[in-house]
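Report on the structure
Letter by letter, the chains look like this.
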Amino acid sequence: MENENNCGAWTVNVLTDAIPQEVQEAFDKVTHLHGATYKFLAYLGSQVVNGINHAILAEQMILDKDQTKNIVIVVINIRQSEFSLVGIHSVLHGSPSTFCGGIAVKGVVPPSAEAMAEFKIAKEGFVGSDIKPFAQLATQVVKGINYFLAAEVTPVYPKAKTTVDIITVNSMCTPKLSFRTIFPFES
């Protein structure tokens, strides 16, 4: 039997409101970088290493002529009240132009009513996983509209592990739902 508290194993614990104050303070300080700004969307979970790594889903805006937006995971290490930036992992690239299939990044927590209505239609008849969207990350105009949602996904079987996936939802396309795991990181 695998121990959930193994050193190095990520624990998924999605929070969109009240995150630990020291994590919020560390996020605010380590993302104060030249050339980009970061907007907190959700706390994803933690990993016990030399201290504790914390993963945060954020909207990144590059300070370029296009104000390019991306969705990233910021990993911060906190050890004995000291913190450092471990890394910034890109998970969804926005497009400078949102015309003709460009991806318009705009992080919203919780997802919009339109996105959730589309999710409900697309999920009809889907079995195998419990899906809990917690953020809308972007939209893309194609045949209909692709909604990119961040969701907790748990397969429906005993002792299944929860992951955080980007769910692409579009009831006009086949398949209506597509999944890409973004957290925990693969080893």
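Here's what I pulled together on the structure shown here. (Residues numbered from 1 in each chain as written. Predicted model: local features only at pLDDT ≥ 70, side-chain atom pairs only at ≥ 80, totals over all residues. Heavy atoms only, no water.)

Now for the sheet that holds strand β2 (residues 36-49). Strand pairing within a sheet occurs via backbone hydrogen bonds; the two strands may be parallel or antiparallel. As summarised here, the arrangement of the five strands in space is β1-β2-β3-β4-β5, forming an open sheet in which the pairing is antiparallel. Each edge of the open sheet is held by one strand with a lone partner, namely β1 (10-15) and β5 (82-93). Taken over all neighbouring pairs, the strand axes of this sheet differ in orientation by 25 degrees on average, direction set aside. Taken together, the ten bridges between strand β3 (residues 51-62) and strand β4 (residues 69-79) define a ladder with antiparallel strand orientation. What sits directly across from Ile 52, in β4, is Ile 78. Here helix α1 (residues 21-30) sits on the sheet and contacts β2, β3, β4 and β5; the angle it forms with β4, its principal contact strand, is near 120 degrees. (Pairing = 2+ DSSP bridges. Helix = DSSP H or I, 4+ residues; strand = E, 2+ residues; numbered from the N terminus. Axes fitted to C-alpha atoms, helices over the stretch in contact; angles between N-to-C directions. Contact = heavy atoms within 4.5 Å.)

Bringing a nonpolar patch on the surface into the picture now. Residues Leu 33, Leu 85 and Ile 88 make up a contiguous nonpolar surface patch of about 210 Å² in total accessible area. Of note, Leu 33 is situated in the loop between α1 and β2. (Patch = residues over 30% accessible without salt bridge, like charges linked within 9 Å, V, L, I, M, F, W, Y side chains within 5 Å. Areas by Shrake-Rupley, 256 points an atom, 1.4 Å probe, with all protein chains shown as cover. Salt bridge = Lys/Arg side-chain N within 4 Å of Asp/Glu carboxyl O.)

Among the nonpolar cores identified, the biggest contains 24 residues, and Leu 44, Leu 57, Ile 73, Phe 134 and Leu 137 are the most heavily contacted of them. The dominant element in this core, judged by the number of residues it contributes, is strand β7 (residues 129-142), at four residues. Setting aside residues up to four positions removed in sequence, Leu 137 forms contacts with Leu 41, Leu 57, Ile 71, Leu 92, Ala 104, Val 105, Lys 106, Gly 107, Phe 148, Leu 149, Ala 150 and Ile 166. Within the second largest apolar cluster, 15 residues are counted, among which are Ala 26, Phe 40, Ala 58 and Ile 78. (Core = buried A, V, L, I, M, F, W, Y, C linked by side-chain atoms within 4.5 Å. Buried < 20%, exposed > 50% of the residue type's maximum accessible area, 1.4 Å probe, protein only.)

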